[in-house]
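This is what each chain is made of:
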Amino acid sequence: MKNVTVLILAAGDSTRFWPCGDKQLFRFAGTPLIRRLLSQLISFGFENFYIVVNKDNRQAIEQIISQFKKQNI
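Bear in mind that the values here come from a model prediction, so they are computed numbers and not experimental data.

Asker: What am I meant to see in helix H2 (residues 58–65) here?
Answerer: Every α-helix winds through 3.6 residues per turn, so residues three or four apart in the chain are directed the same way. All buried positions along H2 are accounted for by Ile61, Ile64 and Ile65. Axial view of H2: buried residues confined to an arc of 90 degrees, hence all on one face. Those residues of H2 that are exposed and aimed more than 90 degrees away from the buried face are Gln59 and Gln63. Looking at the buried residues of H2, the elements they touch are strand E1 (5–10), strand E3 (31–32), helix H1 (33–43) and strand E4 (48–53).

Asker: Which parts of the structure should I look at to understand the pairing of E1?
Answerer: Moving residue by residue along a regular strand, the side chains alternate between the two faces of the sheet. Side chains Val6, Ile8 and Ala10 project from E1 onto a buried face, and the interleaved Thr5, Leu7 and Leu9 project onto a face without burial. Pairing between E1 and E4: six bridges, direction parallel. Its bridge partner being in E4, Leu9 is matched across the sheet by Val52.

Asker: Got a minute to help me understand H1 in this structure?
Answerer: Of all the positions in H1, only Ile34, Leu38 and Leu41 are classed as buried. What you see down the axis of H1 is that its buried residues fit within an arc of 65 degrees, all on one side. If you follow the buried residues of H1, they end up packed against E1, E3, E4 and H2. At the exit of H1 stands Gly45, carrying a positive phi of roughly 105 degrees.

Rules and cut-offs
Residues numbered from 1 in each chain as written. Predicted model: local features only at pLDDT ≥ 70, side-chain atom pairs only at ≥ 80, totals over all residues. Heavy atoms only, no water. Buried < 20%, exposed > 50% of the residue type's maximum accessible area, 1.4 Å probe, protein only. Helix = DSSP H or I, 4+ residues; strand = E, 2+ residues; numbered from the N terminus. Arc of directions from axis to C-beta. Contact = heavy atoms within 4.5 Å. Pairing = 2+ DSSP bridges.

In structure tokens form, the structure reads like this:
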């Protein structure tokens, strides 16, 4: 799916997820949800991604996406 671009919205405050913190960085079975989501989408054949982040989670999400070398994130 090279012509499809995926938009992931990860800039919310996760207020309804309180007290667990940021939903995208929440660890499920030892892996942050954003990493699981990206891995799943990549396995479906998606290659182009935009991730909208906020100032509080930007650094953590950048660290996670740096592990994906072949994709355009």
